[in-house]
Amino acid sequence: MTAFFRRWRFQFLDDLAQMKKIARDPILTSAILLCIVSLFLFVVFPLYKVLQQSFFNPDGAFSLDAYKLLFTSGENFKAFSNTVLLGSVVGLLATFVGFMFAYCYTYLAIRGKKLFNLVAMLPMISPPFAVALSIILLFGSRGFITNTLLGLRDANIYGFKGLILVQTLSFFPIAYLLLVGMLKSIDPAIEDAARDLGASRWQTFRRVTAPLVGPGIANSFLLVFIKSVADFANPMAIGGNFATLATQIYIQSIGNYDVQGGAAVAVLLLDLSMLLFIISKYWVEKKVYVTVTGKASRERMPISDRLVVWPVAGFCYAVAGIVLALYILIPIGSFIKLWGINYSFTLDHYIYAFGVGSKAIFDTTWLSVLATPITGLLGMVIAFLVVRKRFIGKGFINFASLLSIAVPGTVIGVGYILAFNTPPIVLTGTATLLVAAFIVRSLPIGIRAGVASLQQIDPAIDEAAADLGASSRQIFFKITLPLIKTAFFSGLIYTFIRSMTSISAVIFLITAKYNLITIAVLDQVESAKFGVASAFSTILILIVYLAIFITNQVLTRLDPNIKKIELT
Amino acid sequence: MRKMTTIELRNITKQFVTPDKAGTFKAVDDVSLRIEAGKFVTLLGPSGCGKTTILRMIAGFETPTAGEILVDGKRINDLPPDKRDSAMVFQSYALFPHLSVFNNVAFGLELKQMSAALIAEKVNAALQMVGLAGLENRQPNQLSGGQQQRVALARALVMEPSVLLFDEPLSNLDAKLRVHMRREIRHIQRQLGLTSVYVTHDQSEAMSLSDQVIVMNHGVIEQIGEPAEVYQKPASEFVADFIGVANFLDAEVLATEAEKTVVRLLDTPFAVPGRRDDLQPGEQVRLVIRPETVRLGREGAFAATVTYSTYMGPSQEYSIDLGGIRLQVEQPDPVGKERFAENSQVMVSFREESLHIVKKH
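Only a predicted model underlies this, so the values are computations on that prediction, with no experimental measurement involved.

A word on the confidence of the model for chain A
Mean pLDDT over chain A stands at 82; residues scoring 70 or higher make up 93%. Across residues 290–297 of chain A, where pLDDT falls below 50, the model places 14 contacts with residues more than four positions away in sequence or in other chains.

Some thoughts on the pattern of salt bridges
All names here are of chain B. Across all of its chains, the model carries 25 salt bridges over all chains by this definition. Residues Arg75 and Glu68 are paired through a salt bridge, measuring 3.4 Å at the closest nitrogen-oxygen approach. On the basis of relative accessible area, Glu68 is assigned to the partly exposed category, the value being 26%. Of the charged contacts in the structure, one is a salt bridge between Glu353 and Arg351, with a shortest N-O distance of 3.5 Å. Overlapping salt bridges bring together Glu8, Arg10, Arg34, Glu36, Glu68, Arg75 and Asp78 as one network.

Overview of unusual backbone geometry
Non-glycine residue Asp72(B) carries a positive phi angle of around 50°. Relative to the elements of secondary structure, Asp72(B) occurs in the loop between β4 (66–71) and β5 (74–75).

A word on the interface of chain B and chain A
Counting residues at the interface gives 36 residues for chain B and 26 residues for chain A. Three residues, Asp78(B), Asp82(B) and Leu111(B), lead the burial of chain B against chain A; their summed loss comes to 21% of the area buried on that side. Where chain B meets chain A, there are one salt bridge. Of the charged contacts in the structure, one is a salt bridge between Arg56(B) and Glu463(A), with a shortest N-O distance of 2.6 Å. Our count for the chain B to chain A interface comes out at four residue pairs in polar contact (both at pLDDT 80 or more). When residues of the side of chain B that touches chain A are traced back to their parent elements, those giving at least two are β1 (7–17), α1 (51–59), β6 (86–89) and α2 (101–111) of chain B. It is β1(B) that provides the largest number of residues to the side of chain B that touches chain A, a total of four residues. Tallied by class, residues from the side of chain B that touches chain A come to 18 nonpolar, eleven polar and seven charged.

Considerations on a nonpolar patch on the surface
On the surface, Phe5(A), Trp8(A), Phe12(A), Leu13(A), Leu16(A) and Ile392(A) cluster together into a nonpolar patch covering about 580 Å² of accessible area. Among the structural elements, Phe12(A) can be located in helix α1 (residues 2–23).

Description of the sheet that holds β1(B)
Residue and element names in this part refer to chain B. Spatially, the four strands line up as an open sheet ordered β2-β1-β4-β5, and their pairing is antiparallel. One side of each edge strand has no neighbouring strand; the edge strands of this open sheet are β2 (24–35) and β5. Sheet strands in contact with α1 are β1, β2 and β4, and its direction is about 115° off that of β1.

Notes on the packing of aromatic side chains
Considering all chains together, one arrives at 36 aromatic pairs over all chains under this definition. Every member of this aromatic cluster is reached through a ring pair, and the members are Phe101(A), Tyr105(A), Phe116(A), Phe172(A), Tyr176(A) and Tyr317(A). Geometry around Phe96(B) places Arg155(B) over its ring, the cationic atom sitting 4.7 Å from the centre.

As for helix α16 (residues 394–406) of chain A
Residues and elements named next belong to chain A. Taking 1.5 Å of rise per residue, the 13 residues of α16 would be expected to cover 18 Å, and the 19 Å separating its terminal C-alpha atoms lies within 8% of that figure. The set of residues buried in α16 consists of Ile397, Ala400, Ser401, Leu403, Ser404 and Ala406. Those residues of α16 hidden inside the fold are in contact with α2 (26–55), α13 (259–284), α15 (348–388) and α18 (431–455).

Side note on the sheet that holds strand β13 (residues 268–273) of chain B
All names here are of chain B. Across the sheet, five strands lie side by side as β13-β12-β11-β14-β20; this open sheet has antiparallel pairing. Strand pairing shows two members of the sheet lacking a second neighbour, β13 and β20 (356–359), which therefore form its edges. Averaged over all pairs of adjacent strands, the angle between strand axes in this sheet comes to 45°, irrespective of strand direction. Here six bridges tie strand β11 (residues 247–256) to strand β14 (residues 284–289), and the two strands are oriented antiparallel to one another. For Phe248, the partnering residue across the bridge sits in β14 and is Val288.

Parameters at a glance
- Residues numbered from 1 in each chain as written.
- Chains lettered and ligands numbered in written order.
- Predicted model: local features only at pLDDT ≥ 70, side-chain atom pairs only at ≥ 80, totals over all residues.
- Heavy atoms only, no water.
- pLDDT = per-residue confidence, 0-100.
- Contact = heavy atoms within 4.5 Å.
- Salt bridge = Lys/Arg side-chain N within 4 Å of Asp/Glu carboxyl O.
- Buried < 20%, exposed > 50% of the residue type's maximum accessible area, 1.4 Å probe, protein only.
- Helix = DSSP H or I, 4+ residues; strand = E, 2+ residues; numbered from the N terminus.
- Buried area = accessible area lost by both parts, 1.4 Å probe.
- Polar contact = N/O pair within 3.5 Å; in protein donor to acceptor, adjacent residues only side chain to side chain.
- Nonpolar A, V, L, I, M, F, W, Y, C, P; charged D, E, K, R; others polar.
- Patch = residues over 30% accessible without salt bridge, like charges linked within 9 Å, V, L, I, M, F, W, Y side chains within 5 Å.
- Areas by Shrake-Rupley, 256 points an atom, 1.4 Å probe, with all protein chains shown as cover.
- Pairing = 2+ DSSP bridges.
- Axes fitted to C-alpha atoms, helices over the stretch in contact; angles between N-to-C directions.
- Phe/Tyr/Trp six-rings, centres within 6.5 Å; stacked < 30°, edge-to-face > 60°.
- Lys NZ or Arg CZ within 6 Å of the ring centre and 35° of its normal.
- Expected span 1.5 Å × (residues − 1).

Written as structure tokens, this is what we have:
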């Protein structure tokens, strides 16, 4: 204990000595302060508010009523068990599909591997309802397959089964991207050694490859679980009566005007996400044998044995085909007069979308444009500070930015209502709050990309610059930023897309003054106007593509040799 | 333009948290030293001895836990690296990968907001000096290891620093180039008269470059001295062993006199030249005997058996058994001299002036 205290004291004094040096650099000092203050204000404070609200009744007295309600109300308990069940099933299915894709990509001698990356990219740049919308168009009560082709009446895709299908198709790319990196970094020599020692291909897979990626599979399950649990859009669109915690928070706080009850549900969801995130971060990731950045000593000989290739590749092509078809259905649906009844061509939905929704389109775009550079720069600054500097409060910055990865959007949404509705800081209904929500939602990914690319750069390069007289600000702009510009620009694009397509947090924050496309889509889906919903979605996809195109053009102008941004 | 700068370390201690975060350890433990203006000083020692930590504290990348660093008498502990007038050549070169050779060297000057014409003049002169004229527009990844090293050196030199710091700059080069580069570094340093601190674990680098060698171990200084002094009169068994090859023989002090110290070695008295006030008669000590000072022949004081013999070109190397003690022996320039076969008998003698006494611990 005393040893612990001594070490802590030493660390503190050492940090203090370091702070003296930093204090001489006013720009560095203010950058650190700015990061700490903004993370506190927009991440920690709202979450604290959620926690606090759930412990106090409307009169301000301490009360556990909200929790009592949570465990006595059948509705909330049902939502909790639904959420866990859904997360588990989708986690398993998406990991399985993702693993098949990753194995196919890294191990098999087949054509068209680029297709896999395209399919993996689509959910990332699409509106949150895209898959759900298509599934309804195909399998709904007026669905093309169920009704038009099979002639079924009263086909019901809404509920648990629809959600499983939609979430699996939406989230398997997460598993794929994680596992493909992992499989790629396995040195083929290890597997060759197993074969050399007499293992068959199947034995090699079972006894060498699978144990090596075991932690990756566990991690992929957890990440998909987190994503599924946090998902708001799909349960809203296709969940029907199958309530989840995320939708329950919304219904409770906005539908029933019971923010306290909503906050109690939000705390439950927050705990669940944090638990999974901590298991993933501190337990599973510790067990990883292969580093994702590792480079194999030589190329792997692809497997061309038909007994392996045909079933695995066949499965993957089929899934990829379905995913592509679902996405193509959206623009098609936007030109169809009345889906399931009248399949004639029309532009009515666009006329309607641009008429009623022009403000939503405009607001979404300019608010996203506003959030993009701030997030990009802030992400890189935080990455720089975290990787390269030592200061008191670094632990906080690390913690707060990790926290915002794990926090579901709906929880952030409730937190913002609670935190910014009343003095001292009133931001409800302002563009500032929407932009802040956009930033907080995309910042962690930007930081992670920045940290990853900074860690590959020798710190001696920064030291050399400091040694030659560069201040921290000069190092950041003249050395760091140019060296990690690919990560920076990917961060920009990612933020823009994520802001354009976000819904879970901002649905709590919109007012008559600002409307967003995603929310317009949700309104249309809820009132079964699928044509208009498709039109909005198509417009959204086009804006996103335009942004990627423009960024790549700008990048090419800046530096012809730079790697183009592909969102994989 | 000569800048005469002295560096002084007063009771410097640097503590780190151990990698397993279980405790702390002292990388540098209460070190005091003074580096005179214009001198080339080498910090020499095995890895983990604290030499790089000292260099990084002088540069400003680490802050001492205790003690003071003074440059020309002024305390600089809290000065960040960019405010210090020292320039460092890094082990990994640390060239900016996105900048050309010219822009790498110009980097520091641009921060000083010098005029473009002056920068060009200085950069070209620096590149000329390190023999890289004509490669201004190359990118770092288009250069060989030796060329990258020269860019790193030019980038430091062009700043006209008052102190030049080297962090094992030659360890990534092949053996021939290393020897060549250390001559060049020494030449340029003499020409400019720059106070220089050089960190290395390679004793031949330290010997050939320095005015003064500081031998370190476990965070403390074992010895400070000129290269010849450190080699011939090592202050401890560690220094004798770390620098070159040494035999250690147990001996007993018989008498300490004004001009010599008499010791008993293998039941024979030897008079080792030099006054040693730190020794007492009757004290058990260790004698340091360098392999090249041992004489082998038909005649001599002690009989021994050759257990190993090999021809190395410049010398013949032996391992001999002297009454159960194993000795390393090196006979320089073996051509024309008698060579002794393995298992043959040989007579051994020691020159008194080549013996050196270190304390036993």
